[in-house]
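Examining the three-dimensional arrangement
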Amino acid sequence: EREPAAAAEHLLCEAATARPDQVVLLTALGQLCELQGRLGRAIEYYRAARGQRPRLGLALSSALTRTGRAEEAEQILNELLRDRPQDVTLYNHLGTALSTQQKHDAAETAFRKGVKVQTASAAIHTGLSTCLFRLRKDADAEVAHLLLAVLGRLERERVVALHVVDGEQLRVLELEPLRPV
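Here we summarise the structure given alongside this text. (Residues numbered from 1 in each chain as written. Predicted model: local features only at pLDDT ≥ 70, side-chain atom pairs only at ≥ 80, totals over all residues. Heavy atoms only, no water.)

Some details on the overall build of the chain
Worth spelling out the cut-off: Secondary structure elements follow DSSP: runs of H or I of four or more residues count as helices, runs of E of two or more count as strands, with numbering from the N terminus. Burial classification: accessible surface area is computed with a 1.4 Å probe over protein chains only, and a residue below 20% of its type maximum counts as buried, one above 50% as exposed, and the rest as partly exposed. Residue contacts are counted whenever heavy atoms from the two residues lie within 4.5 Å of one another. All accessible-area figures derive from a Shrake-Rupley calculation using a 1.4 Å probe, and residue coverage is judged against the displayed protein chains alone.
If you tally the helices and strands in the chain, you get nine helices and two strands. Of all 181 residues assigned to the chain, the portion counted as buried reaches 39%. Here the contacts in the chain between residues at least 6 apart in sequence split such that 38% fall between residues at least 24 apart. On the chain, roughly 10300 Å² of surface is accessible, and the fraction owed to carbon and sulfur atoms is 53%.

Some words on the packing of helix 2 (residues 23–35) against helix 3 (residues 39–52)
We count it as follows: Fitted lines through C-alpha atoms serve as axes, helices being fitted only where they are in contact, and the angles separating the N-to-C directions of these axes extend from 0 to 180 degrees. Orientation labels follow simple angle bins: below 35 degrees gives roughly parallel, above 145 gives roughly antiparallel, 65 to 115 gives roughly perpendicular, and whatever is left gives oblique. Put simply, a crossing is left-handed when the front helix is turned counterclockwise from the back one by less than a right angle, and right-handed when it is turned clockwise.
Two elements in contact, helix 2 and helix 3, have axes whose closest approach is 8 Å; the angle formed by their N-to-C orientations is 160 degrees. Classified by the angle their axes make, helix 2 and helix 3 are roughly antiparallel. Seen from above, helix 2 lies across helix 3 with left-handed handedness. Counting all contacts with helix 2, which are made through V23, L26, T27, L29, G30, Q31, C33 and E34, the residues of helix 3 involved are L39, R41, A42, Y45, Y46, A48, A49 and Q52.

Remarks on the pattern of salt bridges
Under the convention used in this document: What makes a salt bridge here is a side-chain nitrogen of Lys or Arg within 4 Å of a carboxyl oxygen of Asp or Glu, nothing more.
Following the criterion strictly, the structure yields eight salt bridges and no others. Residues R50 and E79 are paired through a salt bridge, measuring 2.5 Å at the closest nitrogen-oxygen approach. Separated by 29 residues along the polypeptide, R50 in helix 3 and E79 in helix 5 (residues 70–83) bring together distant segments of the chain. Classification of R50 by relative accessible area gives buried; the value is 14%. Notably, a salt bridge pairs R84 with D87, separated by 3.4 Å at the nearest N-O pair. A residue is classified by how much of its surface remains accessible, and D87, at 21% relative accessible area, is partly exposed.

Comments concerning the environment of T109
Within the secondary structure layout, T109 lies in helix 7 (residues 104–117). Note on T109: relative accessible area 41%, which makes it partly exposed. Along the chain, T109 and G95 lie 14 residues apart, while their C-alpha atoms are 7.8 Å from each other.

Rendered as structure tokens:
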């Protein structure tokens, strides 16, 4: 008898074999493999899904970045951004892929473009502030972290923000969401 994850994968594989053009099945298989920590296999499924629908690629680029193939992820994200220049999530993932490659100046540019697209995105400010810290732009990083804290609290989410201390250390600030009065 199979464990539930293996049984689910088997059923999805059978369905995908019968209907190889079904992007939803390929994506679901990629997600299942990703949850199981099998990123190489997940990449195969995400790549097959992208083959059917070229506008996809966020999950693929994320998995590529996490497996040390950030340069390939960067190419995919740049392709996607040509079609969707107002997608803040793509800028966030691009900044992460660039930062992973130690291309911190280019990452900063990507994160800043994302901020221009959606000023109130806590995710893009997280990436920007971390990037600025890596670039040793401590004052800018501190401002970005404080803005992140405000944004997160306004979004009614618990925020864990990093605070630069003396240009070297990071102090973690946990802030509770603001309660409506």
